[in-house]
2 protein chains.
Amino acid sequence: MTENIEVMLTEKNINPTAMRLLVLDFLLKQSSAISLTDLEKGLDPSDRITLYRALKKFEEKGLVHSIDDGSGATKYALCENNCEAGHHHDLHVHFFCNTCRETSCLPKHHIPQIPLPDGFKSEEVNLIVKGVCNKCVH
Amino acid sequence: MTENIEVMLTEKNINPTAMRLLVLDFLLKQSSAISLTDLEKGLDPSDRITLYRALKKFEEKGLVHSIDDGSGATKYALCENNCEAGHHHDLHVHFFCNTCRETSCLPKHHIPQIPLPDGFKSEEVNLIVKGVCNKCVH
DNA sequence: ACAGGAAGCGCAATGGTATTGCAAACTAGT
DNA sequence: ACTAGTTTGCAATACCATTGCGCTTCCTGT
């Protein structure tokens, strides 16, 4: 159990502290991206700042990616295997449900190439689709 | 001059107050989307809250649209003619320059249709391309 | 012209999120 | 067990968005 989670951390060169094991364990149980506040509530009682720094570390090391879905709070979700430290491959579509306000990754849907005017250089693309998710559509 | 701006407001059913004329005039002079703080600085000395409410009113009436470019502060830009109150047609790409941190609209580039999994219903799409703009690329 | 009401404005105040500093607690290697 | 470096928890700060409220101003109906 814990060994598995621990390996995930060490593979990404992250010291497996007790706190980080808890955070990763919690992330693994999520079906959608979560905010820092969600994490704080789920791991109560824990210090918000510590959780914040754990997520930052995970992001830096390529274990999670952050999503700005326009809700005001940054969301975090586990990366697919192919992410590396400092070089994310998270160019997939994120979906924000206006009903349940959950954000989920749609990793199968790659972002199409966007034609830019002359002189513009693309480095990063953020594509959020908002609407109603499959759980709320009925 | 002022008459022109005034007409733009009345056409959208917005009372043309002195403050709003100033705000719209300032918006017309911009080449990129601006934040509330930008507006506040440009129209100093003016009350931030009043400017905030002017922008909200403009947005509500379909005169401007807001853009969340991930910079933390909401940006505002004038709509194309075809926007109506409560029903924006601003489904175009926005470009955020990582160098000059300016956000601009790329209205010629419509957002491509994104295929969604079964049961997902799209209502809105937010597409931000980040990179280097034509002014900063050299 | 007058009275009443609606709309707009400016100040104060609140709430939420992100971020940094610092000192104590902890961990790992010797 | 000792020390150096890492991690943690608390305090504090900085923004941004948003609301409440009283005052002024403008419009309207009589």
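Coordinates for the structure precede this section.
Residues numbered from 1 in each chain as written. Chains lettered and ligands numbered in written order. Predicted model: local features only at pLDDT ≥ 70, side-chain atom pairs only at ≥ 80, totals over all residues. Heavy atoms only, no water.

Moving on: the relation of the copies chain B and chain A. By a simple turn and slide, chain B fits onto chain A: the slide is 0.1 Å along the axis, the RMSD is 0.1 Å, and the turn is 180 degrees. What the rotation and shift describe, once combined, is the action of a two-fold rotation axis. Considering only C-alpha atoms, the part of chain B nearest the rotation axis is B:Leu127, at 2.2 Å. The share of interface residues of chain B whose copies in chain A are also at the interface is 97%, consistent with both copies meeting through the same surface. (Least-squares fit on C-alpha atoms with pLDDT ≥ 70 in both. Contact = heavy atoms within 4.5 Å.)

Before going further, it helps to spend a moment on the sheet that holds strand E1 (residues 34–35) of chain B. Residue and element names in this part refer to chain B. Strand order in the open sheet formed by three strands is E1-E3-E2, with antiparallel pairing between adjacent strands. Two strands bound the open sheet, and with one partner strand each, they are E1 and strand E2 (64–67). Lying on the sheet, helix H2 (residues 18–28) is in contact with E1, E2 and strand E3 (75–78); it crosses E3 at an angle near 85 degrees. The sheet strands contacting helix H4 (residues 48–60) are E2 and E3, and the helix crosses E2 at an angle near 110 degrees. (Pairing = 2+ DSSP bridges. Helix = DSSP H or I, 4+ residues; strand = E, 2+ residues; numbered from the N terminus. Axes fitted to C-alpha atoms, helices over the stretch in contact; angles between N-to-C directions.)

Our focus in this paragraph is unusual backbone geometry. Residues and elements named next belong to chain A. The linkage connecting Asp-44 with the following residue, Pro-45, adopts the cis geometry, with an omega of -5 degrees. Its place among the elements puts Pro-45 in the loop between helix H3 (36–42) and helix H4 (48–60). Even without being a glycine, Asn-13 presents a positive backbone phi close to 60 degrees. Topologically, Asn-13 is positioned in the loop between helix H1 (2–11) and helix H2 (18–28).

Neighbouring DNA strand C are 17 residues; A:Tyr52, A:Thr74, B:Thr17, B:Arg20 and B:Arg53 lie closest to it. At 3.4 Å from a phosphate oxygen of DNA strand C is found a side-chain nitrogen or oxygen belonging to A:Thr37. Take B:Arg20: an N or O atom from its side chain is 2.5 Å from a phosphate oxygen of DNA strand C. Contributions of two or more residues to the surface near DNA strand C are made by H4 of chain A together with H2 and H4 of chain B. (Near = heavy atom within 4 Å. Polar contact = N/O pair within 3.5 Å; in protein donor to acceptor, adjacent residues only side chain to side chain.)

Let us look at the protein's contact with DNA strand D. Taken together, the neighbourhood of DNA strand D is formed by 16 residues, with A:Thr17, A:Met19, A:Arg20, A:Arg53 and B:Tyr52 sitting nearest. Counting only the atoms of DNA strand D that lie within 4 Å of the protein, the sugar and phosphate share comes to 65%. Within the side chain of A:Arg53, an N or O atom sits 2.6 Å from a base oxygen of DNA strand D. The element best represented in the surface near DNA strand D is H4(B), accounting for four residues. Considering only residue class, the surface near DNA strand D consists of five nonpolar, six polar and five charged. (Nonpolar A, V, L, I, M, F, W, Y, C, P; charged D, E, K, R; others polar.)

Contacts between the two partners involve 31 residues from chain B and, on the opposite side, 30 residues from chain A. Summed over both sides, the interface between chain B and chain A buries roughly 2600 Å², with carbon and sulfur atoms accounting for 64% of that surface. Put simply, chain B and chain A have zero salt bridges between them. For the side of chain B that touches chain A, the secondary structure elements donating two or more residues are strand E4 (92–97), strand E5 (103–110) and strand E6 (121–132) of chain B. It is E6(B) that contributes the most residues to the side of chain B that touches chain A, 12 residues altogether. Grouping the amino acids of the side of chain B that touches chain A by side-chain chemistry returns 16 nonpolar, nine polar and six charged. (Buried area = accessible area lost by both parts, 1.4 Å probe. Salt bridge = Lys/Arg side-chain N within 4 Å of Asp/Glu carboxyl O.)

Strands sit in the order E5(A)-E4(A)-E6(A)-E6(B)-E4(B)-E5(B) across an open sheet of six strands; the sheet is mixed. Two strands bound the open sheet, and with one partner strand each, they are strand E5 (103–110) of chain A together with E5 of chain B. Mean inter-strand twist for the sheet, computed between neighbouring axes without regard to direction, equals 30 degrees. When E4(B) meets E5(B), the two strands line up antiparallel, connected through five bridges. Across the sheet, the residue bridging to B:His92 is B:His110, located in E5(B).

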